[in-house]
Amino acid sequence: MGTEKPYRNAMQRLERALVNSWAPSEWTAVPLLVAVSGGADSVALLIALTNVHRKQSGKGPLTVAHYNHALRSEASDQDALFVQRLANKLGWPCVSTKGSGPPAADEASLRNLRYDFLASLAHQIGARFVVTGHTQEDNVETVLHHLFRGTGPAGLGGVPRTRDLAEDVLLIRPLLNVPKSNLREALTEIGQEWREDATNQESIWKRNWLRNQLLPQIETEYPGASDRIAALIDQQQTLLLGLEQRACQWTDAYITAQQNAIVIQRPGDDDRFSSMHDHQAIRIHALRGLWDQQGWQRQAMARQHWERLSEVLGHQAAETFDLPGGVRASAREGGPLELQRPTNLASPSRQE
Ligand SMILES: Nc1ncnc2c1ncn2[C@@H]1O[C@H](COP(=O)(O)OP(=O)(O)OP(=O)(O)O)[C@@H](O)[C@H]1O
């Protein structure tokens, strides 16, 4: 009797996880850009993508992209060389660029530089997708980071699986449900090396502190905690779909948006949407979305600002007050709530 397991080894299990997360029919025939730092996650991603591509007789060209942040002089150059050699070995072209000028001061600036490079390279080579090796741990760290900094229901949904990187270019993270240990196991099994980033080991940045200090301590006291947080993120994403849908209904029913202005009706008790209108979570979720659509600064808006707006929508009294980012809220008694941002205060995203 054959007792052979369907997926015998760690690399096959990884390929299976990749295929389940992102159907090969979507990507094997189109140009793909794979972002590879040289670390275990993106090296495993590249090899799994390559294996699946070959097994499916993929026709789309795959290009490897590496951004050399030049933060660690010689070690950074060696990372770039390592990625170049790996791409050669696998038979893919590799484009690498080196950051010039003073190094970026924080994680967010580094990421922006990298994403700008990936977006413009994707346009140049006509790639529809940019693929990154974000893992389950990245998801868990992100949620903890949001939780400690202050967040709403969307922030508990973790790292989005996809996001628009530029026009016609989608960033996709197909390994978000895969633990890092599975990726390392797959690489060790096939004898594939990877580069360890020395700065990743240092807890100089908050993300690294979460990764290197906090999470290991949590795991010591509560073994399996990361897996359970990841499972909760999954459930939260399902709940978010429902919240999103109701926030859209609420927006359609009550809101008129113009450039730099939003007008929100304040309905009476007899309104057919009044029970939904009473639900603060829906209002705040919809308001956050509207802020993004307008390109208004959402970072500066704290919980109490959203709650204040939500509260004003629940009654009919006159109100006028200012919000962070130059937004003024005003309502006449019994009238709608108007949110306005003077056009001479053009937002950063609109200036570009
Ligand atoms: N220098 C780099 N060059 C190319 N790709 C990179 C580089 N650094 C990171 N990436 C890509 O981004 C993925 C996530 O890496 P990492 O967790 O270090 O980035 P991050 O700054 O946390 O990214 P994000 O902010 O998008 O979560 C990697 O698996 C890889 O695909």
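Worth saying up front: this structure is predicted, and the values here are computed from it rather than measured. (Residues numbered from 1 in each chain as written. Predicted model: local features only at pLDDT ≥ 70, side-chain atom pairs only at ≥ 80, totals over all residues.)

**A look at the overall build of the chain**
Quick note on the threshold: Helix and strand definitions follow DSSP, with helices as H or I runs of at least four residues and strands as E runs of at least two, each counted in order from the N terminus. Residues are called buried when their C-beta atom has 20 or more other C-beta atoms within 10 Å, exposed when it has 12 or fewer, and partly exposed otherwise; all C-beta atoms are positioned from the backbone. Contact criterion: two residues are in contact if their C-beta atoms, reconstructed from the backbone, are within 7 Å.
Helix and strand counts for the chain stand at 14 helices and eleven strands. Taking all 352 residues of the chain together, the buried fraction comes to 28%. Sequence separation of 24 or more characterises 70% of the internal contacts of the chain that already satisfy a separation of 6 or more.

**Points about the site of the ligand**
The criterion, for reference: Contact assignment follows one rule, namely that a residue is near a molecule or strand if its backbone-placed C-beta atom lies within 6 Å of it. Note on residue categories: nonpolar means Ala, Val, Leu, Ile, Met, Phe, Trp, Tyr, Cys or Pro, charged means Asp, Glu, Lys or Arg, and polar means any other residue, Gly included.
In the vicinity of the ligand lie 16 residues, with Ala35, Ser37, Ser42, Thr132 and Gly133 positioned nearest. Mapped by element, the contributors of at least two residues to the shell around the ligand are α3 (40-55), β2 (62-68) and α5 (107-125). Grouping the constituent residues of the shell around the ligand by class yields four nonpolar, seven polar and five charged.

**Comments concerning the UniProt feature "binding site: ATP" (unreviewed entry) in the chain**
As a reminder of what qualifies: UniProt positions are given in the numbering used here, feature names are shortened, and annotations may be inferred rather than shown by experiment.
Look at the UniProt record and you will see "binding site: ATP" (unreviewed entry) annotated at Ser37, Gly38, Gly39, Ala40, Asp41 and Ser42. Summarising the element assignment, Gly39 is placed in the loop between β1 (32-35) and α3. Setting aside residues no more than four positions away along its own chain, Gly39 makes contact with Trp194, Arg195 and Asp197. With respect to the helices and strands, Ser42 occurs in helix α3. The class of Ser42 is buried, set by 26 C-beta atoms lying within 10 Å.

**Some thoughts on the confidence of the model for the chain**
Just so we agree on the cut-off: Confidence of the prediction at every residue is given by pLDDT, a number between 0 and 100.
Mean pLDDT over the chain works out to 89, with 89% of the residues at or above the 70 mark. With pLDDT under 50 throughout, residues 346-352 is counted as low confidence; its partners more than four residues away or in other chains account for six contacts. Scored by ipTM, the complex comes to 0.92, with pTM at 0.82.

**Comments concerning the domain arrangement of the chain**
How big an interface is tends to be stated in terms of accessible area lost as the parts join. For clarity, the cut-off: Here the limits of each domain have been adopted from an automatic or database domain assignment.
Under the domain assignment used here, the chain contains domain 1 (10-223) and domain 2 (245-351). Once you take the C-alpha centre of each, domain 1 and domain 2 turn out to be 36 Å apart. Opposite the four residues of domain 1 that make contact, domain 2 presents five residues. Its residues placed into classes, the side of domain 1 that touches domain 2 shows two nonpolar, two polar and no charged.

**Focus: the sheet that holds strand β5 (residues 162-166)**
Here is the rule we go by: Strand pairing follows a simple DSSP-based rule, namely that at least 2 bridges must link the two strands. Every axis corresponds to a line fitted to the C-alpha atoms, with the helix fit spanning only the stretch in contact, and the corresponding angles, defined between N-to-C directions, vary from 0 to 180 degrees.
If you walk across this open sheet you meet the six strands as β3-β2-β1-β4-β6-β5, and the pairing is mixed. Among the strands making up the open sheet, the edge pair consists of β3 (94-98) and β5. For this sheet, the mean inter-axis angle between neighbouring strands, taken without regard to orientation, is 25°. Strand direction decides the pairing type here: β2 and β3, joined by five bridges, are parallel. Following the sheet pairing, Val64 is matched in β3 by Cys94. The sheet contacts of helix α4 (residues 73-90) involve β2 and β3, and relative to β2 the element is tilted by about 175°. Here α5 sits on the sheet and contacts β1, β2, β3, β4 (129-131), β5 and β6 (169-172); the angle it forms with β5, its principal contact strand, is near 75°.

**As for α4**
Short version of the rule: By definition here, a helix of n residues has an expected span of 1.5 Å times n minus one. This arc corresponds to the set of directions leading from the helix axis out to the C-beta atoms.
Here α4 spans 26 Å end to end across 18 residues, near enough to the 26 Å set by a 1.5 Å rise per residue. All buried positions along α4 are accounted for by Ser76, Asp79, Ala80, Val83, Leu86 and Ala87. The buried side chains of α4 occupy one side of the element, clustering within an arc of 125° when seen end-on. Projecting away from the buried face of α4 at angles above 90 degrees are the exposed residues Ser73, Glu74, Arg85, Asn88 and Lys89.

**What about the packing of α3 against helix α7 (residues 180-189)?**
Spelled out, the test is: Roughly parallel here means an angle under 35 degrees, roughly antiparallel means over 145, roughly perpendicular means 65 to 115, and every remaining angle is called oblique. The crossing is said to be left-handed when, going from far helix to near helix, the turn is anticlockwise and less than a right angle, and right-handed when the turn is clockwise.
Between α3 and α7, the least distance of the axes is 9 Å, while the angle of their chain directions is 60°. Classified by the interaxial angle, the pair formed by α3 and α7 is oblique. For the element pair α3 and α7, the recorded crossing hand is left-handed. Note on element contacts: α7 touches α3 through Lys180, Leu183, Arg184, Ala186 and Leu187, opposite Ala40, Asp41, Val43 and Ala44. Looking at the contact of α3 with α7, its residues break down into six nonpolar, no polar and three charged.

**Regarding helix α13 (residues 303-313)**
Buried within α13 are the following residues: Trp306, Leu309 and Leu313. Considered in projection along α13, the buried side chains sweep an arc of 60° and stay on one side of the axis. Turned more than 90 degrees away from the buried face of α13, the exposed residues are Arg303, Gln304 and Glu311. At its buried positions, α13 is contacted by β8 (261-264), α12 (280-294), β10 (327-331) and β11 (337-340).

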